[in-house]
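Descriptive analysis of the structure
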Amino acid sequence: MRDRGRPLPRERRSGYGRRVEQTKYLLDESQIPRHWYNVVSDMPNPPQPVLHPGTGEPVGPDDLAPLFPMALILQEVSEEAEIAIPEEILDIYTLWRPTPLYRARRLEQAAGTKSRIFYKYEGVSPPGSHKPNTAVAQAYYNKQEGRTRLATETGAGQWGSALAFACKLIGLECKVYMVRISYEQKPFRRSMIQLWGAEIVASPSKDTQSGRAILEEFPDTPGSLGIAISEAVEDAAQRDDTSYSLGSVLNHVLLHQTVIGQEAIAQMEMAGAFPDVVIGCVGGGSNFAGLAFPFIREKIAGRDIDVLACEPAACPTLTRGLFAYDFGDTSKLTPLVPMHTLGHDFVPAPIHAGGLRYHGVAPLISQLVKDELIRAEAYVQSDVFASAILFANTEGIIPAPESSHAIHGALEVARQADEAGEQKTILFNLSGHGHFDMAAYDNYLAGKLEDVALDEAEIERALRAIEGLPTPA
Ligand SMILES: Cc1ncc(COP(=O)(O)O)c(C=O)c1O
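Each chain carries its own residue numbering, running from 1 in the direction its sequence is written. Owing to the predicted nature of the model, reporting of local features is limited to residues with pLDDT of at least 70; listing and counting of side-chain atom pairs is limited to 80 or more, with chain, interface and lining totals taken over all residues. Here the side-chain values reflect all heavy atoms present in the structure, with hydrogen atoms and water set aside.

1. Let's talk about the overall build of the chain
The condition is simple: Helix numbering and strand numbering both begin at the N terminus, where a helix is a DSSP run of H or I of at least 4 residues and a strand a DSSP run of E of at least 2. Every radius of gyration here is taken over C-alpha atoms, with the globule rule written as 2.2 Å times N^0.38, N being the number of residues. The cut-offs for exposure are 20% and 50% of the maximum accessible area for each residue type, with area from a 1.4 Å probe on protein chains only; residues under the lower value are buried, those over the upper are exposed, and the others partly exposed. By the convention used here, residues are in contact when the closest approach between their heavy atoms is within 4.5 Å. Accessible areas in this description were obtained via Shrake-Rupley with a 1.4 Å probe; residue shielding takes into account the shown protein chains only. The sign given to each residue is positive for Lys and Arg and negative for Asp and Glu; His and the chain ends receive no count. In this description, the location of a charge corresponds to atom NZ of lysine, CZ of arginine, CG of aspartate or CD of glutamate.
Check the secondary structure of the chain and you find 19 helices and 17 strands. Its C-alpha atoms give the chain a radius of gyration of 21 Å, near enough to 23 Å, the size a compact globule of 473 residues would have. C-alpha extents for the chain along the principal axes are approximately 65 × 50 × 45 Å. Taking all 473 residues of the chain together, 62% fall into the buried category. Counted over contacts in the chain with a minimum sequence separation of 6, partners at least 24 positions apart contribute 77%. Accessible surface, the chain as shown: approximately 18,200 Å² in total, 49% of it carbon and sulfur. Taking the average location of the 43 positive side-chain charges in the chain and that of its 61 negative ones, the two points are 8 Å from each other.

2. A word on the pattern of salt bridges
When the charged atoms of two side chains lie near each other, side chains of opposite charge can form a pair. Note the following rule: Between Lys or Arg on one side and Asp or Glu on the other, a salt bridge is scored when a side-chain nitrogen of the former is within 4 Å of a carboxyl oxygen of the latter.
Summed over all chains, the structure comprises 22 salt bridges. One salt bridge in this structure joins Arg 297 and Asp 42, with 3.6 Å as the shortest N-O distance. Of this pair, Arg 297 sits in helix 13 (residues 286–300) while Asp 42 sits in the loop between strand 4 (35–37) and helix 1 (61–64), placing them 255 residues apart in sequence. The exposure class assigned to Arg 297 is partly exposed, which follows from its relative accessible area of 29%.

3. Here's the deal with the pairing of strand 15 (residues 336–341)
Within a regular beta strand, the side chains point alternately toward one face of the sheet and then the other, so they alternate between its two faces. This is how it is decided: Strand pairing is assigned whenever DSSP detects at least two bridges linking the two strands.
Burial analysis of strand 15 places six of its six residues in the buried class, the great majority of the element. Relative to strand 15, strand 14 (residues 322–327) runs antiparallel, the two sharing six bridges. Its bridge partner being in strand 15, Asp 326 is matched across the sheet by Val 337.

4. Overview of the packing of helix 5 (residues 132–144) against helix 6 (residues 158–170)
Worth spelling out the cut-off: Axis definition: a line fit to C-alpha positions, over the contact stretch in the case of helices; interaxial angles, taken between N-to-C directions, run 0 to 180 degrees. Here is the rule for angles: anything less than 35 degrees is roughly parallel, anything more than 145 is roughly antiparallel, 65 through 115 is roughly perpendicular, and the remaining ranges are oblique. By definition, turning the near helix anticlockwise from the far helix through less than a right angle yields a left-handed crossing, and turning it clockwise yields a right-handed one.
The contact between helix 5 and helix 6 brings their axes to 8 Å, and the two run at 40°. Considering the angle they form, helix 5 stands oblique to helix 6. The element helix 5 and its partner helix 6 pack so that their crossing is right-handed. Residue-level inspection shows Pro 132, Thr 134, Ala 135, Val 136, Gln 138, Ala 139, Tyr 140 and Lys 143 of helix 5 in contact with helix 6, the latter providing Trp 159, Ala 162, Leu 163, Phe 165, Ala 166, Cys 167 and Ile 170.

5. Side note on the packing of helix 16 (residues 381–394) against helix 18 (residues 438–445)
Rules: Residues are grouped as follows: Ala, Val, Leu, Ile, Met, Phe, Trp, Tyr, Cys and Pro are nonpolar; Asp, Glu, Lys and Arg are charged; all remaining types, including Gly, are polar.
The N-to-C vectors of helix 16 and helix 18 enclose an angle of 105°; their axes lie 11 Å apart at closest approach. One finds that helix 16 runs roughly perpendicular with respect to helix 18. Packed against helix 16, whose contacting residues are Ser 382, Phe 385, Ala 386, Ala 388 and Ile 389, the element helix 18 presents Ala 440, Tyr 441, Tyr 444 and Leu 445 at the interface. By residue class, the composition of the contact of helix 16 with helix 18 is eight nonpolar, one polar and no charged.

6. Describing the sheet that holds strand 12 (residues 277–281)
The seven strands are arranged 3-6-7-17-12-13-16 in an open sheet whose pairing can be described as mixed. The open sheet has two free edges, formed respectively by strand 3 (24–25) and strand 16 (375–379), since each of these has just one partner strand. Both strand 6 (residues 101–103) and strand 7 (residues 116–121) contribute to a ladder of three bridges, which runs antiparallel. Paired with Tyr 102 across the two strands is Tyr 119, which belongs to strand 7. Together, strand 3, strand 6, strand 7 and strand 17 (425–430) form the strand contacts of helix 12 (residues 259–270), whose direction differs from that of strand 7 by roughly 140°. Strands strand 7, strand 12, strand 13 (306–312) and strand 17 of the sheet are contacted by helix 13, whose axis makes an angle of about 155° with strand 12.

7. Quick look at the nonpolar core
We apply this condition: Residue types Ala, Val, Leu, Ile, Met, Phe, Trp, Tyr and Cys, when buried and joined through side-chain atoms within 4.5 Å, form a set referred to as a nonpolar core.
One finds Phe 293, Ile 365 and Ile 374 to be the most contacted residues of the largest nonpolar core, which totals 39 residues. Of all elements in the fold, only helix 12, helix 13, strand 13 and helix 15 (363–370) reach the threshold of two or more residues within this core. Of the residues forming this core, the biggest block, seven residues, is contributed by helix 13. Apart from the residues within four sequence positions on either side, Ile 374 is in contact with Phe 288, Ile 296, Val 307, Ala 309, Ile 365, Leu 368 and Val 369. Ile 32, Ile 85, Tyr 141 and Trp 196 belong to the second largest nonpolar core, which has 38 residues in total.

8. What about a nonpolar patch on the surface?
As a reminder, the rule being used: Residues form patches when they are more than 30% accessible in relative terms and have no salt bridge. Like charges link within 9 Å. Nonpolar side chains (Val, Leu, Ile, Met, Phe, Trp, Tyr) link within 5 Å.
Taken together, the side chains of Met 70, Leu 74 and Val 77 define a hydrophobic patch exposed on the protein surface, amounting to about 250 Å² of accessible area. Checked against the element boundaries, Leu 74 lands in helix 2 (residues 70–77).

9. As for the sheet that holds strand 10 (residues 199–203)
In spatial order, the strands read 10-9-8-11; together these four strands make up an open sheet with parallel pairing. Among the strands making up the open sheet, the edge pair consists of strand 10 and strand 11 (242–244). Across this sheet, the average inter-strand angle for adjacent strands is 20°, counted without regard to direction. With three bridges joining them, strand 8 (residues 149–154) and strand 11 adopt parallel strand pairing. Bridge pairing links Arg 149 to Thr 242 in strand 11. Helix 6 contacts strand 8 and strand 9 (173–179) of the sheet and is inclined by roughly 165° relative to strand 8. Docked against the sheet, helix 10 (residues 225–237) engages strand 8, strand 9, strand 10 and strand 11, running at close to 170° with respect to strand 8.

10. Structural notes on unusual backbone geometry
For the bond running from Arg 97 to Pro 98, omega is -10°, close enough to zero to count as cis. Within the secondary structure, Pro 98 sits in the loop between helix 3 (87–93) and strand 6. At the junction of Ser 203 and Pro 204, the peptide bond is cis and its omega measures out at 5° in the coordinates. For Pro 204, the location among the structural elements is in the loop between strand 10 and helix 9 (209–217). Notably, Lys 332 is not glycine yet its phi reads approximately 60°, a positive angle. In this structure, Lys 332 sits in the loop between strand 14 and strand 15. On the basis of relative accessibility, which here comes to 48%, the residue Lys 332 falls in the partly exposed class.

All quantities given are derived from atomic positions and should not be read as evidence of function.
Here you go:
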């Protein structure tokens, strides 16, 4: 951090002499972190190597060069603790960073808890989520190395709109493959992506070989992130002017998100508090890592912190998946990644948290779960929406369905603490707003939201896809 600033008093008097309790903890623009934090430098067991599917050997920088600029490949394999953020990226970050940290007093009151609940709000960015923290960085490094176009996938549309926004600001073309179910459920995310000048198509699409093959076999598929990744990777691999850009999972993406947790540490200090529990929702893992990794640094250094990852019961990668080598996409175009997975051809039920419908999760998070530095829980969507509504009716912000998993996790932790007669300080990441998710809220309010039970037989079937692949040590 440039300067953490002077701590503010926890209680202050308003201009009228009224005693008020502080709600928001705000940093100055000069306090935007100047570096990203690399958790690899502190992990007790570093992540296992990513493998070339043909040779079974670790992939090297040259293998990745057709897809990514070298600066990002070097960040992907870096063991440095801190990586400086270029000035141009910091300049763009000032459009929404530092983001506010709130004390959720009204939520606490409504829940009747004795615990303190804080949340870091990433929905203040122009596209409405944490995703531009890495989108801007990725667009910047690609431009530096002369690429003129990026191809990507998007689930809920948050990542696609973040990358379209970043490409517009930095001056790159952008093509987005959007998971078909979200393309249909979220027409205005689609408009937003087009407004920022990107080309967008529903995935699976007829624009790629892998899209055409899936459409032939499953014409009615709702699509999945795994399928959309196959299409974007194929697009980028076939054009010299184009890089592939991923909104989550990879080490460098998680790295870019660590501005969130660094700011949160400074803001918790302003509040005179430190969390007992740090919580985030997990799709590929980037917003969770962004908040949690700087706290995990403290945990590895000896502080007692419970770090909780929240996922949907319809796509329970961390709680019911295997830690194994698997492909990151459905058509097996990516290298083999050591991660918790449900199998690369698993197509999750079309729940409304589209950004959490991914068969795998970041290898860094997988390793930390394996090493018991992170624990995970899975929730059904009707419970998650009930918590989202309580949050909207107390704190006012309408949360993204993805982020609502973290709200539900925080309320569960608070409830369990009350039952145990304990008082906890809870911090969660509110990764985005849900202004483009109103169809999902309509369904919930009309009583039409269905919980999907995922039976063991389907998990067993899907995991058969990874039989014969290498096993992590
Ligand atoms: C608001 C929001 N939160 C969370 C996620 C999940 O992604 P990740 O696990 O990479 O943070 C998404 C993905 O689209 C999202 O849009």
